[in-house]
Each structure stands twice: as structure tokens, then as C-alpha cells.
Amino acid sequence: MNILKILTGKRIVGNIGEDAACSYLKKQKYKIKGRNYVAAGHEIDIIAENREYVAFVEVKTRTAGHESIKESRPAASVTPEKQRSIISAARSYAASLNTNKKYRFDVAEVIISEEKEVLDINYIESAFTLTDAYAKHPHR
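Now for a description of the structure that goes with this document. (Residues numbered from 1 in each chain as written. Predicted model: local features only at pLDDT ≥ 70, side-chain atom pairs only at ≥ 80, totals over all residues. Heavy atoms only, no water.)

1. Some words on the overall build of the protein chain
- Across its full length, the protein chain carries three helices and five strands.
- Once local pairs closer than 6 in sequence are excluded, the contacts in the protein chain between residues at least 24 apart make up 56%.
- Within the structure as shown, the protein chain displays about 8600 Å² of accessible surface, and the carbon and sulfur contribution to it stands at 51%. (Helix = DSSP H or I, 4+ residues; strand = E, 2+ residues; numbered from the N terminus. Contact = heavy atoms within 4.5 Å. Areas by Shrake-Rupley, 256 points an atom, 1.4 Å probe, with all protein chains shown as cover.)

Okay, here's the thing in C-alpha cells:
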């Protein structure tokens, strides 16, 4: 069973955020090449391309008023471990490409209301790099 197809409350909120991030990217002249791409047990929320970049996008959706003390911003939950997971899947995806485009790891922070309406999107280009992800654990 594909866990991404089970519509739990968390998955519904995640889908709203991913839809909003895709709409944002399309307005920025990106083509959506994939959603929920899975390779070797690792997942990328969105893969998008423009003329210059292939962007691997992690979407973090939060409901306004439910901020966490542990997490100052939704992007803060993209830990080095999560970054390495995204990079692993991105390597698999990139191996099938024949392109001269640059690769980038972005994070989309999406804030929604209790009624599930998108209130805000904060899109962070180059939110992390290979160096960031492997700085403390270079042998992983």
C-alpha cells in the first residue's frame, strides 16, 4: 500500500501545501516534473524545472495558530537527516537526466487557515546544500 495515497488529516494538509507550492512555481515559470517522487525509500515533494535549474522542493505546511515552540519556522523541520534523504532521492532522479541545468534544494513554507485556505507562501531558494546536509555527518 502506498502511504502517500492514504488521506489522513496530515496528508490532506500536506496536499494543500503541495498544490499551493506547485501553483506558486508555475507562476514563476517552472514546469512541474514530478510530485511525491520516491527512490530507495526517500521522497521529494516536488521536482520543478525552469530554464536554468532543476529544483527539488520540500514543502512544509502549517496551520496558522498552531506554531510549535520547538520550530521557529516550518523550514526548521528540514533537519540535516531530512536533507540527506532528499539528496539521496535527488541523486537517483538526476542520474536519469541528461541536462546541463544546475540543481537546487528549496523549501516552500505554506501557512493555511483552520478552514484549509492558503494564507501565505514563503519560498526559500537554495534552502540547503550538500555541504549543509553532510557537515556534521560526512560519511553518510
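2. Quick notes on helix 2 (residues 80–95)
- With 16 residues, helix 2 extends 22 Å from end C-alpha to end C-alpha; this agrees with the ideal 22 Å at 1.5 Å per step.
- What helix 2 keeps buried is the set Gln83, Arg84, Ser85, Ile86, Ile87, Ala89, Ala90, Tyr93 and Ala94. (Expected span 1.5 Å × (residues − 1). Buried < 20%, exposed > 50% of the residue type's maximum accessible area, 1.4 Å probe, protein only.)

3. Topic: the pairing of strand 3 (residues 53–63)
- Burial analysis of strand 3 places nine of its 11 residues in the buried class, which makes it a mostly covered element.
- In the sheet, strand 2 (residues 42–49) pairs with strand 3 via four bridges, with the strands oriented antiparallel. Considered in strand 3, the bridge of Glu49 is made with Val54.
- Counted along the chain from strand 2 to the antiparallel partner strand 3, the turn is three residues long.
- Of the pairings in the sheet, the one linking strand 3 to strand 4 (residues 102–112) comprises 11 bridges and is parallel in character. Bridged to Val54 within strand 4 is Tyr103. (Pairing = 2+ DSSP bridges.)

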